[in-house]
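Summary of the model geometry
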Amino acid sequence: MIEAHNIRKEFKTPVVKEGRFSGLRTLFTREYRTKEAVRGISFQVEQGEFVGYIGPNGAGKSTTIKMLTGILHPTSGRVSIGGMNPHKERRSVVNNLGVVFGQRSQLWWDLPVKDSYDILAKMYSVDQADKEWRLGQFAELLDLQAFWETPVRKLSLGQRMRADLAAAMLHDPGVLFLDEPTIGLDVNAKRNIRHFLKLINEQFGKTILLTTHDMDDIEQLCNRVMVINNGELSYDGTVRSLRDTIGLPTLITVTFRGPFAIPEQFQGAGEGSRAVPLRVTSAVDNAVTIEVNRREMNTLDIFKELGRWGELDDIDMEDPDFEDVIHKVY
Amino acid sequence: MTTRSWLSLYALLIRTSIKSRMQYKFNFILASFLAALIQISEFLMVAIVLYKFGAIQGWSMHEIAYLFAIMTLSKTLYRTFGDEVHHLEKYLVNGELDQLLTRPMPVLLALMPQKFRIMLGEVLQGGFLLWWSLHGMMAAGQVGWSAVPQSLYIIVTGAVILFSIGLATATFGFWTTRITELQNLTEDAARTAAQYPLTLYPKWMSSILLIIVPVGLVNYIPSLYILRGELGVWVLPALAGAALLCLGISLKFWQFGLTKYQSTGS
């Protein structure tokens, strides 16, 4: 459905001159600063997939999305959406594309929300019956009624994002590109939007590619995640195996009821301690904190081992936060 | 999509832009009022020039007023529909062009109706000057009634030429982002220069104004035929040809420029 073959994007900016006629002199300058924003990325997204595209600020996420949607032309490489080139056949491609840029609205700023839908319906040749049927659905799912008549500029961020999502879906596109659709939203609004996205992916089989900085979006929605860093893909696979690959340790805090003894090979970060999957990081009074990689040792074995050290009173396990996992990938 | 549905979409977008602007009634009224004021002061300038110098190098007061009028009306027609082309810089600087590129229509067709300018002041000023100059020349027997449809015709070809110049200039923005200075040169300065007969200028400069930035084709060349019977009637179809050629070249350049669009970071 979405294919990218070794796409690269270089930005060349002329060094801006100062002083009189600066614009004209800049025009004829030969000095350029070149920045390689995307350096040879390839991937394929199949119909119905929900892909998370993540990476730190400035890693090239938006640039990639803009190349996929036909806004930017890649310096080299090839993009294909549903078998068509979004640069050569931009108009046909965008007809089957829904795009939401979280930072920017595609609605008509000064007009009531519903006016934007009328214009978009006409632009995408959506007939009246289809338009009304779809809007009826979206209105229910996204709770649009409350601000139907409100000018877009007066909407709250959450309302605006919902209105934008409906706008992107109005022509029933097969593919959705969402650039940070949950940015700046409160918990409720995020939940609402995630629910909607999950539904249109699962029920209507829409292919979705989403960028975000909110790892909950990824965990709750995406079956696949791609990580971009410095313009290159550093990971492409399931969320689960991403966790595993990184192998961040699970933190376990054990409290012993009576006296206990920690076998020597588990103590401290001394030599050889890497060899054992279990490592004591601190021991204060009766509470011992242990780091363990759960891929190397399963829970039951951990408990058995700890039981040998003394009588257990309480155990608290803390899985690594997904944010930390991602931090590690970046 | 058929031509008809394109046109109705275009009309809808223009209505939308007017409706959007009407949301700020005070600003709209004040802006219209100020624009009218500026037009009056510009008109006074023209009047002073005409009164003070009268005839310039064999061009009568009426003829110069005619040059002014055609240029003003052509520019007005261009800017009424193509004002956003002139203001492309805004879209380049903040990356607003992104949105237009995701619409299933030609970018220009999405860009132009973003803002439809109602330029009543310019229409009145240009219209009055045109009426006054033609009226004067008809009274003197210099031109006949056929000058009226001919004038309307060259206003349209002139608008196409000015639009082409504006579009080509704006396209440079895909490389430089900022284009104001270049616009001052190719649009404002060139147009102001062509408000006077080109014989006023040295040869190299009038050549530039006829070939490189062909503002001379808007009013000077057609005036030679319409007002003074020089050249020949072939000038009129040739102007349409030249206008279409300019438009074609600008559109090609624009298409190429779009592939160099850099957007902005987000």
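The rules behind the values
- Residues numbered from 1 in each chain as written.
- Chains lettered and ligands numbered in written order.
- Predicted model: local features only at pLDDT ≥ 70, side-chain atom pairs only at ≥ 80, totals over all residues.
- Heavy atoms only, no water.
- Helix = DSSP H or I, 4+ residues; strand = E, 2+ residues; numbered from the N terminus.
- Rg over C-alpha atoms; globule rule 2.2 N^0.38 Å.
- Buried < 20%, exposed > 50% of the residue type's maximum accessible area, 1.4 Å probe, protein only.
- Contact = heavy atoms within 4.5 Å.
- Salt bridge = Lys/Arg side-chain N within 4 Å of Asp/Glu carboxyl O.
- Pairing = 2+ DSSP bridges.
- Axes fitted to C-alpha atoms, helices over the stretch in contact; angles between N-to-C directions.
- Buried area = accessible area lost by both parts, 1.4 Å probe.
- Polar contact = N/O pair within 3.5 Å; in protein donor to acceptor, adjacent residues only side chain to side chain.
- pLDDT = per-residue confidence, 0-100.
- Core = buried A, V, L, I, M, F, W, Y, C linked by side-chain atoms within 4.5 Å.
- Parallel < 35°, antiparallel > 145°, perpendicular 65-115°, else oblique.
- Left-handed = near helix turned anticlockwise from the far one by under 90°.
- Nonpolar A, V, L, I, M, F, W, Y, C, P; charged D, E, K, R; others polar.
- Phe/Tyr/Trp six-rings, centres within 6.5 Å; stacked < 30°, edge-to-face > 60°.
- Lys NZ or Arg CZ within 6 Å of the ring centre and 35° of its normal.

**Thoughts on the overall build of chain A**
In terms of helices and strands, chain A carries 11 helices and 13 strands. Taken against the 2.2 N^0.38 rule, which gives 20 Å for 330 residues, the C-alpha radius of gyration of chain A at 26 Å runs more than 25% over that of a compact globule. Counting only residues that meet the buried cut, chain A has 50% of its 330 residues in that class. Restricting the contact set of chain A to residue pairs at least 6 apart, pairs at least 24 apart contribute 70%.

**Here's the deal with the pattern of salt bridges**
For the structure on display, the rule yields 29 salt bridges over all chains. Where A:Asp236 meets A:Arg224, a salt bridge forms, and the shortest distance between an N and an O atom there is 2.9 Å. Note that A:Asp236 is positioned in strand E9 (residues 232-237) and A:Arg224 in strand E8 (residues 224-229), a separation of 12 residues in sequence. For A:Glu305, the salt bridge is made with A:Arg308, and the minimal N-O distance between the two is 2.7 Å. Placement of the pair is A:Glu305 and A:Arg308 together in helix H10 (residues 299-309), with a separation of three residues, close to one helical turn. Here the residues in one salt-bridge network are A:Lys114, A:Asp115, A:Glu149 and B:Lys19, joined through shared partners.

**Some remarks on the sheet that holds strand E3 (residues 50-54) of chain A**
To summarise the sheet geometry, strands pair through backbone hydrogen bonds and adopt either a parallel or an antiparallel arrangement. Residues and elements named next belong to chain A. Across the sheet, six strands lie side by side as E5-E6-E7-E3-E8-E9; this open sheet has mixed pairing. This sheet does not close on itself; its edge strands, each paired only once, are strand E5 (97-101) and E9. Across this sheet, the average inter-strand angle for adjacent strands is 15°, counted without regard to direction. Taken together, the four bridges between E3 and strand E7 (residues 207-211) define a ladder with parallel strand orientation. Counterpart to Phe 50 in the pairing with E7 is Ile 208. Packed onto the sheet, helix H6 (residues 157-169) meets E5 and strand E6 (175-179) and runs at close to 160° relative to E5. Helix H9 (residues 239-246) contacts E8 and E9 of the sheet and is inclined by roughly 115° relative to E9.

**Quick notes on the interface of chain A and chain B**
Taken together, the 37 residues of chain A in the interface contact 36 residues of chain B. Across the interface of chain A and chain B, roughly 3,400 Å² is buried in total on both sides, 57% from carbon and sulfur atoms. Across the contact surface, chain A and chain B share three salt bridges. B:Asp98 is the partner of A:Arg104 in a salt bridge, and the nearest nitrogen-oxygen pair spans 3.4 Å. At the surface where chain A touches chain B, the tally comes to 15 residue pairs in polar contact (both at pLDDT 80 or more). At the level of secondary structure, the elements contributing two or more residues to the side of chain A that touches chain B comprise strand E1 (2-14), helix H1 (22-27), helix H2 (61-68), helix H3 (90-95), E5 and helix H4 (113-123) of chain A.

**Regarding the confidence of the model for chain B**
Taken as a whole, chain B shows an average pLDDT of 90; of its residues, 99% reach a score of 70 or greater. Here the predicted complex carries an ipTM of 0.84, next to a pTM of 0.85.

**Describing the nonpolar core**
Membership of the largest hydrophobic core comes to 159 residues, with the highest contact counts inside it found for A:Tyr117, A:Leu197 and B:Leu97. Looking at this core element by element, the count peaks at 11 residues for helix H3 (residues 61-86) of chain B. Setting aside residues no more than four positions away along its own chain, A:Leu197 makes contact with A:Phe50, A:Leu165, A:Leu178, A:Ile208, A:Leu210 and A:Leu221.

**A closer look at the sheet that holds strand E11 (residues 278-284) of chain A**
All names here are of chain A. Taken in spatial order, the four strands of this open sheet run E11-E12-E10-E13, and their pairing is antiparallel. Pairing within the sheet leaves two strands with one partner each, and these edge strands are E11 and strand E13 (310-318). In this sheet, neighbouring strand axes are inclined to one another by 25° on average, regardless of whether the strands run parallel or antiparallel. Here strand E10 (residues 250-260) pairs with strand E12 (residues 287-292) via six bridges, running antiparallel. The residue bridging Ile 252 from the neighbouring strand is Ile 290, located in E12.

**Overview of the packing of H6(A) against helix H7 (residues 187-202) of chain A**
Residue and element names in this part refer to chain A. Taken N-terminus to C-terminus, the directions of H6 and H7 make an angle of 15°; their axes are 10 Å apart at the nearest point. Taken together, the axis directions place H6 and H7 in an arrangement best described as roughly parallel. Here H6 runs over H7; the crossing is right-handed. Seen from H6, the contacting residues are Gly 158, Met 161, Arg 162, Leu 165 and Met 169; seen from H7, they are Ala 189, Asn 192, Ile 193, Phe 196, Leu 197 and Ile 200. For the contact of H6 with H7, a count of residues per class yields eight nonpolar, two polar and one charged.

**Quick word on the packing of aromatic side chains**
Residues and elements named next belong to chain B. If you walk through the whole model with that rule in mind, you get 14 aromatic pairs over all chains. Here the aromatic rings of Phe 172 and Phe 253 are separated by 5.3 Å at their centres, their planes lie at 65°, and the arrangement is edge-to-face. Taken as a pair, Phe 172 in the loop between helix H8 (147-171) and helix H9 (173-176) and Phe 253 in helix H13 (residues 235-258) lie far apart in primary sequence, 81 residues in all. For Phe 172, a relative accessible area of 29% translates into the label partly exposed. Residue classification places Phe 253 among the partly exposed positions, given a relative accessible area of 24%. Both rings, one in Trp 175 and one in Phe 253, keep their centres 5.7 Å apart while their planes meet at 10°; by these two values the pair is stacked. One end of the pair, Trp 175, is in helix H9; the other, Phe 253, is in helix H13, and 78 residues separate them in sequence. Residue classification places Trp 175 among the partly exposed residues on the basis of a relative accessible area of 29%. Above the ring of Trp 59, the side-chain terminus of Arg 228 is found at 4.2 Å from the ring centroid.

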